[in-house]
Amino acid sequence: MAGALFRTKSIDRLLADAAASGEGTLKRTLGPLQLIALGIGAIIGAGLFVRTAAAIADRAGPSVVLAFVVAGIGCAFAGLCYAEFASMIPVAGSAYTYSYATMGELVAWIIGWDLVLEYAVGNVAVAISWGDYFMTLMRGAGIDIPVWLTTGYRTALLSANPEVHGLLDTAPRLAGIPILVNLPAFGIVMLITWLLLRGVRETSTVNNVMVVIKLLALALFIGAGLTAINTANYTPFAPNGFTGIHQGAAIVFFAYIGFDAISTAGEETRDPQRNLPIGILGGLAVCTVIYVVVGAVLTGMVPYQQLAVADPLAEALKLAGFGNVGMIVSLGAVVSMAAVLLVFQYGQPRIFFAMARDGLLPRWAASVDAKTRVPYTTTLVTGIVVAVGSLIGDAAETYDLTNIGTLFAFALVSAGVLVLRVKEPNRERPFRVPLVWVVAPLGILACVFVMFGLPRQAWERFGIWLAIGVVLYALYGYRNSRLRNSR
Ligand code: ALA
C-alpha cells in the first residue's frame, strides 16, 4: 500500500500522455513575450494595489521594501526550481505534475488539492478586492449601487466596522436570511470565464492589452509620487523591527503569486524548453523591481500610518494633492486585478484537467473542446465555484489561506527538484538550476520562513483543508488512479 501511495508517474509517461493525440492535447500558440506578459498579468494585482496597505500600516512601515525583497528572494529560488521542472515537463498541471513525477501520487494529489488555495481561493480574494476598486470608480462617476448588492455576507459577518456589520440587520431579507451579495465580484468572474471559454489566443491578446494598461498606471503613480516624496516619512524606517518585516513579507508574498501560473501553460507553449524559463524568471525579475520602487515611493509620500485603507496607492496620491491621477491609477488597479483573475481562471482548469486525465478526478472533467481545445468542463466548474465564493465571501480571510497554501507548494517544488536530480541525474534538463544544492534548500527555507510569518488561524485552516484533501483521495483518487490501475 505504501508503495502504491508513493509510486511516481515517469516523466516519459507524463510526456506521452500529454502528446497523445486528440482529446488530451492543447494547442501550442504561446511564445516568450506572451509568457512574460502572462506572468506580469498574473503577478501584479491585488497584492500590490490592496494588500500592501496591511503590510505597511499594521506591520512593516517603510521597511515594506525589505519585506518585498525577502518575499521576492524566496520566490526567485522557488522560481528557478519551477523553471527546471517546467522545461523538463512542459505539460499542463504545474506543481501537481512535477510532484507526480518525483514524490508520488499521494503528494501529487495533496499538491493538486493545495493549489486550489492558490488559484481558486486566491481568485475569490482578488475578485472581491476588484469589486471594492470598481465601486470606488463607480462612486467617482456618481453612480450609486445599494451596499447590500456590493457586500458579501461573510464580509458583513466578520467586519469590526459597526456600519458594515449592521448590514446583517438592515439588508433586505429572503426567507429570513439577509441578502448580502457582491454582484460586481460575481460579474467579473463570470465575464472572465466566458472569455476563457472562447479560447486561449483571444484571451492572450486581451491579457497583453491589460498588461500595458497596468504598467502605464504604475508608471504614472511613480512619476507623480516621486515629486511628492518627503524623506522625513522614512523615519522610523522599521517601526516593528524584524517582526514587522517578517510578517510584512508573509502578507506581500501574495503580490508575487502568479509566476508559477506560467508553467501551467506548458502544454500551450511553443518551444517550451527555451521559452518557459525565460517567461518565469523574466516576469519575476520585472515585478520585483516594480514592487520595491512602488513601495519606496508610497511610503515616502505619506506617513505610513495613513495608509491603512483599501486603496493605498490612490489614497497616497489624493493626500499628496493628485486626486485625478488617483482615479486613473484606480482604473489601472481594476484592469490589473482583472488580468490576475484571467490568468488564475486559466490556470486552475488546467490543473484539474491534468488531475482528471490521471484519474484522480472524474474522467468527464478532462474533456477538451474539439475546436478551441479549451478544457471547457473544468473552466466552467471553476468559474461557477469562484463566482459563488466571491458573491458571499470575504477577502481578508482568504488572503492568508492562499499565501500559506502557495508557500507550501513552492517548498515542495524546491524539494522535488533535488529528488529528481538524485533519481534521474542523467535526464536531459533544458534548464538547470545553478548551484542546485544551495538554491533549492534555500528555496525551501525561505518559503517555510515566510510561512511562519502568517497568523495561527491560517495554519489551522490550512491543516483542515489538507485533511479534507486526504479523505477525498482515500474515497476517490486512490481507487480510480489510472497509474495504479494500469499495474
Ligand atoms: N500576485 C497576484 C496579485 O497580486 C495574485 O493579485
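Residues numbered from 1 in each chain as written. Predicted model: local features only at pLDDT ≥ 70, side-chain atom pairs only at ≥ 80, totals over all residues. Heavy atoms only, no water.

Caption draft 1: Broad picture of the packing of helix H4 (residues 46-60) against helix H13 (residues 241-252). At a minimum axis distance of 9 Å, the contact between H4 and H13 shows a crossing angle of 170 degrees. Considered as vectors, H4 and H13 are oriented roughly antiparallel to each other. Here Arg51, Ala54, Ala55, Arg59 and Ala60 of H4 come into contact with H13, specifically with Gly244, Ile245, Gln247, Gly248, Ile251 and Val252. For the contact of H4 with H13, the class distribution of residues is six nonpolar, three polar and two charged. (Axes fitted to C-alpha atoms, helices over the stretch in contact; angles between N-to-C directions. Helix = DSSP H or I, 4+ residues; strand = E, 2+ residues; numbered from the N terminus. Parallel < 35°, antiparallel > 145°, perpendicular 65-115°, else oblique. Contact = heavy atoms within 4.5 Å. Nonpolar A, V, L, I, M, F, W, Y, C, P; charged D, E, K, R; others polar.)

Caption draft 2: Quick peek at the site of the ligand. Taken together, Ala42, Ile43, Gly45, Ala46, Gly47, Val126, Phe254, Ala255, Ile257 and Val340 make up the full set of residues adjacent to the ligand. Taking Ile257, its main chain carries an N or O atom lying 2.8 Å from a nitrogen atom of the ligand. Contact with the protein chains covers 98% of the free accessible surface of the ligand, which is 220 Å². Those elements that place two or more of their residues in the shell around the ligand are helix H3 (32-43) and H4. Class assignment for the residues of the shell around the ligand results in eight nonpolar, two polar and no charged. (Near = heavy atom within 4 Å. Polar contact = N/O pair within 3.5 Å; in protein donor to acceptor, adjacent residues only side chain to side chain. Areas by Shrake-Rupley, 256 points an atom, 1.4 Å probe, with all protein chains shown as cover.)

Caption draft 3: The arrangement of unusual backbone geometry in detail. The linkage connecting Thr235 with the following residue, Pro236, adopts the cis geometry, with an omega of -5 degrees. For Pro236, the location among the structural elements is in the loop between helix H12 (200-226) and H13. Of note in the backbone geometry, Ala175 takes a positive phi value of approximately 50 degrees without being a glycine. Following the sequence through the fold, Ala175 ends up in the loop between strand E1 (173-174) and strand E2 (177-178). For Ala175, a relative accessible area of 81% puts it in the exposed group. The residue Leu435 is not glycine, and still its phi comes out positive at about 45 degrees. Within the fold, Leu435 resides in the loop between helix H18 (395-423) and helix H19 (436-451). (Buried < 20%, exposed > 50% of the residue type's maximum accessible area, 1.4 Å probe, protein only.)

Caption draft 4: How the structure looks around the nonpolar core. Judged by nonpolar contacts, the single largest core of 154 residues is most densely connected at Ile44, Phe49, Ile89, Tyr96, Phe221 and Tyr291. Counting residues per element, this core draws most heavily on helix H7 (residues 105-140), at 21 residues. Listed in part, the five residues of the second largest apolar core include Ala156, Leu167, Ala171 and Leu180. (Core = buried A, V, L, I, M, F, W, Y, C linked by side-chain atoms within 4.5 Å.)

Caption draft 5: Focus on the layout of surface pockets. What the largest pocket holds in volume is close to 950 Å³. Lining the largest pocket are 32 residues, and of these Asp132, Thr155, Val164, Ala310 and Asp394 lie nearest its centre. Secondary structure elements with two or more residues in the lining of the largest pocket: H4, H7, helix H9 (162-165) and H18. When grouped by side-chain class, the residues that make up the lining of the largest pocket number 16 nonpolar, nine polar and seven charged. The computed volume of the second largest pocket comes to approximately 480 Å³. (1 Å grid on protein atoms, 1.4 Å probe; cavity = no way out; pocket = protein on both sides within 12 Å on 5 of 7 lines; lining within 4 Å. Points joined across faces, edges and corners; volume = space filled by probe spheres on them.)

Purely geometric stuff here, so don't read any function into it on its own.
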